[in-house]
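Each chain is listed here by its residues.
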Amino acid sequence: ETGVTQSPTHLIKTRGQQVTLRCSSQSGHNTVSWYQQALGQGPQFIFQYYREEENGRGNFPPRFSGLQFPNYSSELNVNALELDDSALYLCASSSDRGAETQYFGPGTRLLVL
Amino acid sequence: LAKTTQPISMDSYEGQEVNITCSHNNIATNDYITWYQQFPSQGPRFIIQGYKTKVTNEVASLFIPADRKSSTLSLPRVSLSDTAVYYCLVGARGGNTDKLIFGTGTRLQVFP
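Below, the structure is looked at part by part. For every chain, the first residue of the written sequence is number 1, and numbering continues from 1 onward in sequence order. Following the order in which they are written, the chains are lettered starting with A and the ligands numbered starting with 1. Two thresholds apply to this predicted model, a pLDDT of at least 70 for residue-level local features and 80 or more for giving and counting side-chain atom pairs, whereas whole-chain, interface and lining totals are computed over all residues. As a rule here, side-chain values come from all non-hydrogen atoms in the structure, and water together with hydrogens is ignored.

1. Some details on the overall build of chain B
Stated formally: Helix and strand assignments come from DSSP, with helices taken as H or I runs of at least 4 residues and strands as E runs of at least 2, each series counted from the N terminus. Radius of gyration here is computed from C-alpha atoms only, and the compact-globule reference equals 2.2 Å multiplied by the residue count raised to the power 0.38. Think of it in three bands: with a 1.4 Å probe and only protein chains considered, a residue is buried below 20% of the maximum accessible area for its type, exposed above 50%, and partly exposed in between. The criterion used for residue contact is that any of the two residues' heavy atoms lie within 4.5 Å.
Each helix and strand counted, chain B has zero helices and nine strands in total. Reading chain B from its N end, one meets helices and strands in the order β-β-β-β-β-β-β-β-β. Relative to the globule expectation of 13 Å for 112 residues, the C-alpha radius of gyration of chain B, 13 Å, shows essentially globular dimensions. Its C-alpha atoms put chain B at 40 × 30 × 20 Å along the principal axes. Among the 112 residues that make up chain B, the fraction classed as buried is 46%. Across chain B, every contact between residues at least 6 apart in sequence was considered, and the portion connecting residues at least 24 apart equals 56%.

2. Focus: the side chain of Ser73 of chain A
Residues and elements named next belong to chain A. The test is simple: Any pair of N or O atoms that falls within 3.5 Å is considered a polar contact. Within protein, one atom must be able to donate a hydrogen and the other to accept it, and sequence-neighbouring residues count only if both atoms are side-chain atoms.
Mapped onto the elements of the fold, Ser73 is located in the loop between β7 (64-68) and β8 (74-78). Within the structure, the side chain of Ser73 is placed 2.8 Å from the side chain of Asn71, a separation counted as a polar contact. Apart from residues no more than four positions distant in its own chain, Ser73 is found in contact with Cys23, Ser24, Ser25, Leu67 and Gln68.

3. Structural notes on the interface of chain A and chain B
Selection criterion: Buried area: the sum, over both parts, of the accessible surface (1.4 Å probe) that disappears when the two are put together. The salt bridge definition used is simple: a Lys or Arg side-chain nitrogen within 4 Å of an Asp or Glu carboxyl oxygen.
Tallying the contact residues gives 25 residues for chain A and 21 residues for chain B. At the boundary of chain A with chain B, total buried surface from both sides reaches about 1700 Å², with 53% on carbon and sulfur atoms. Applying the counting rule to chain A against chain B returns one salt bridge. Of the charged contacts in the structure, one is a salt bridge between Glu100 of chain A and Arg93 of chain B, with a shortest N-O distance of 3.9 Å. Linking chain A with chain B are eight residue pairs in polar contact (both at pLDDT 80 or more).

4. Examining the pattern of salt bridges
Residues and elements named next belong to chain A. Scanning the model with the defined rule gives six salt bridges over all chains in all. In this structure, Arg57 engages Glu54 in a salt bridge whose closest nitrogen and oxygen atoms are separated by 3.7 Å. Judged by its relative accessible area of 32%, Arg57 falls in the partly exposed class. We classify Glu54 as partly exposed; its relative accessible area is 40%. Among the ionic contacts, a cluster of salt bridges with common partners joins Arg63, Glu82 and Asp85.

5. A closer look at the sheet that holds strand β1 (residues 5-7) of chain A
Residue and element names in this part refer to chain A. Using the following cut-off: Between any two strands, at least two bridges found by DSSP are needed for them to pair. Only C-alpha atoms enter the line fits that serve as axes; for helices the fit covers just the stretch in contact. Angles between N-to-C directions range over 0 to 180 degrees.
Within the open sheet, the four strands sit side by side as β1-β3-β8-β7. Their pairing is antiparallel. Each end of this open sheet is capped by a strand with a single partner; those strands are β1 and β7. Averaged over all adjacent pairs, the angle separating strand axes in this sheet is 20 degrees, with direction ignored. Bridge count between strand β3 (residues 19-24) and β8: five bridges; the pairing is antiparallel. Of the residues in β8, the one forming a bridge with Leu21 is Leu76.

This is the structure we're talking about:
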């Protein structure tokens, strides 16, 4: 059984640029959630996708957008990067929506300069 | 929005039992309680989930009183490798995402 994978592992961007982060869900899972984790803080929920549809969104601006593909992998896109977007971005997959048990990937460390 | 409250930090020594309590006063009927463990620069890892009374697996136990307004994660005989941040999450499985709130967690430090 393949676990959750994320790419890239690290990324450096400059303010104003756009970034796409990718996540492959665990085999058999149809739900993907994305989180932003700043240093010393808990993960902050960005949004969740269930069977290619958005199932909920946290308090993040529209420049954070996402997509889920038919194979249930997912992308997180962030436009017009700001310095405060520097964080660890976590993807989690689960077998159902909401607060079903989530299995996290290793994360993508984004640094915005 | 649902909110959980946990101690910010706890210290323990190797071999001791550690109990971390989470308060969730506005837990709903359909909500489950899930605990995650996170090491630095890694994604959180599922530890245990429960709905009521007691749940035990190979790494931890979860105690939930009858009113379900709190829960206690119990780690038996901790080791140095249990030093991590522990998060309590309360929400409905198969439902909406309103309660996907991790909070700041409890930072457990285990000393030799």
